[in-house]
Amino acid sequence: MGNMNSKIIAAALALAATLTTTSPLLAHAFLDHSDPAVGSTVPTSPAVMHLWFTQELEPAFSSVTVSDQSGAAVNDGSATIDPSSPSEMTVKLKSLPPGTYTVKWHVLSVDTHTTTGDFNFQVGKG
Ligand SMILES: [Cu+2]
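Since this is a predicted model, take the numbers as computed values, not measurements.

Cut-offs applied
Residues numbered from 1 in each chain as written. Predicted model: local features only at pLDDT ≥ 70, side-chain atom pairs only at ≥ 80, totals over all residues. Heavy atoms only, no water. Core = buried A, V, L, I, M, F, W, Y, C linked by side-chain atoms within 4.5 Å. Buried < 20%, exposed > 50% of the residue type's maximum accessible area, 1.4 Å probe, protein only. Helix = DSSP H or I, 4+ residues; strand = E, 2+ residues; numbered from the N terminus. Contact = heavy atoms within 4.5 Å. Donors = N, O, S within 2.8 Å, 3.2 Å for Na, K, Ca; no water. Tetrahedral: all angles 85-135°; square planar, octahedral: opposite > 155°, others 65-115°. Pairing = 2+ DSSP bridges. Axes fitted to C-alpha atoms, helices over the stretch in contact; angles between N-to-C directions.

## Regarding the nonpolar core
Move 1: By size, the foremost hydrophobic cluster in this structure holds 21 residues, and its most contacted members are Leu51, Met89 and Phe121.
Move 2: Among the elements that make up this core, the one with the highest residue count is strand S6 (residues 99–108) (four residues).
Move 3: Apart from the residues lying within four places of it in its own chain, the contact partners of Leu51 are Leu31, His33, Ser34, Val64, Ser87, Glu88, Met89, Val103, Trp105 and Phe119.

## Examining the coordination of the copper ion
Move 1: Around the copper ion, the protein contributes the donor atoms His28 (N), His28 (ND1), Asp111 (OD) and His113 (ND1), which lie 1.9 to 2.4 Å from the metal centre.
Move 2: Classification of the site at the copper ion rests on its four donor atoms, whose angles at the metal span 80 to 172°, yielding the label square planar.
Move 3: Within one chain, the residues serving as donors to the copper ion are arranged as H-x82-D-x1-H.
Move 4: With relative accessibility at 21%, the residue Asp111 sits in the partly exposed group.
Move 5: Owing to a relative accessible area of 33%, His113 belongs among the partly exposed residues under this scheme.

## Observations concerning the pairing of strand S3 (residues 48–53)
Move 1: Only one face of S3 is covered, namely the one carrying Met49, Leu51 and Phe53; the face carrying Val48, His50 and Trp52 has none of its residues buried.
Move 2: The sheet contact formed by strand S1 (residues 31–35) and S3 spans four bridges and is antiparallel. In the sheet register, Ser34 faces S3, and the bridge partner there is Leu51.
Move 3: Relative to strand S5 (residues 88–92), S3 runs antiparallel, the two sharing five bridges. Pairing of Val48 across the sheet is with Lys92, part of S5.

## Points about the sheet that holds S5
Move 1: Taken in spatial order, the three strands make up an open sheet running S1-S3-S5, and their pairing is antiparallel. The open sheet terminates on both sides in strands that have one partner only, identified here as S1 and S5. Across the sheet, the mean angle from the axis of one strand to that of its neighbour is 15°, orientation sign disregarded.

## Re the side chain of Thr90
Move 1: Mapped onto the fold, Thr90 is located in strand S5.
Move 2: In contact with Thr90, not counting residues within four places along its chain, are Val48, Met49, His50, Ser78, Ala79 and Thr80.

## Re the sheet that holds S6
Move 1: Taken in spatial order, the four strands line up as S2-S7-S6-S4 in an open sheet, and their pairing is mixed. Looking along the sheet, the strands with just one partner apiece sit at the ends: strand S2 (41–42) and strand S4 (63–67).
Move 2: The pairing of S4 with S6 spans five bridges and is classified as antiparallel. The residue bridging Val66 from the neighbouring strand is Val103, located in S6.

## Details of the environment of Leu96
Move 1: Tracing the sequence through the fold places Leu96 in the loop between S5 and S6.
Move 2: Sequence spacing of Leu96 and Ala47 is 49 residues, and the spatial spacing of their C-alpha atoms is 8.8 Å.
Move 3: When neighbours within four sequence positions are excluded, Leu96 is seen to be in contact with Ser45, Pro46, Val74, Tyr101, Phe121 and Val123.

## Some points on unusual backbone geometry
Move 1: Asp35 connects to Pro36 through a cis peptide bond whose omega is 0°.
Move 2: Mapping Pro36 onto the fold places it in the loop between S1 and S2.
Move 3: We note that Thr112 has phi near 75°; this positive angle belongs to a residue other than glycine.
Move 4: With respect to the helices and strands, Thr112 occurs in the loop between S6 and strand S7 (114–123).
Move 5: Relative accessible area serves as the criterion here: at 60%, Thr112 is assigned to the exposed category.

Structure follows, in structure tokens:
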């Protein structure tokens, strides 16, 4: 009997550990990586900002803006999400002079949760 109980307790603990560790990871669309990369310095003005998320996005409720140090928007039009790559969002950029730029993203994941975030990158000598 004692041995059986300890096995049941061990199995219950393993299940609880699995539930608590995996479910948060699967939830929400977090920024996986970008190009230009978060906090990077690029030598010339990039034509497009690419953002890759950890989950597929709802295009109608997902957006990104890129602004310069004065707060002026430098993205050329709105973000697009190619159906063949539903966890990737791109936005065209105007010609960017050297400086620091802020990317602000707001996405709705297919799991119905909204996440937001921002980061900087630089153009020209860092
Ligand atoms: Cu979620």
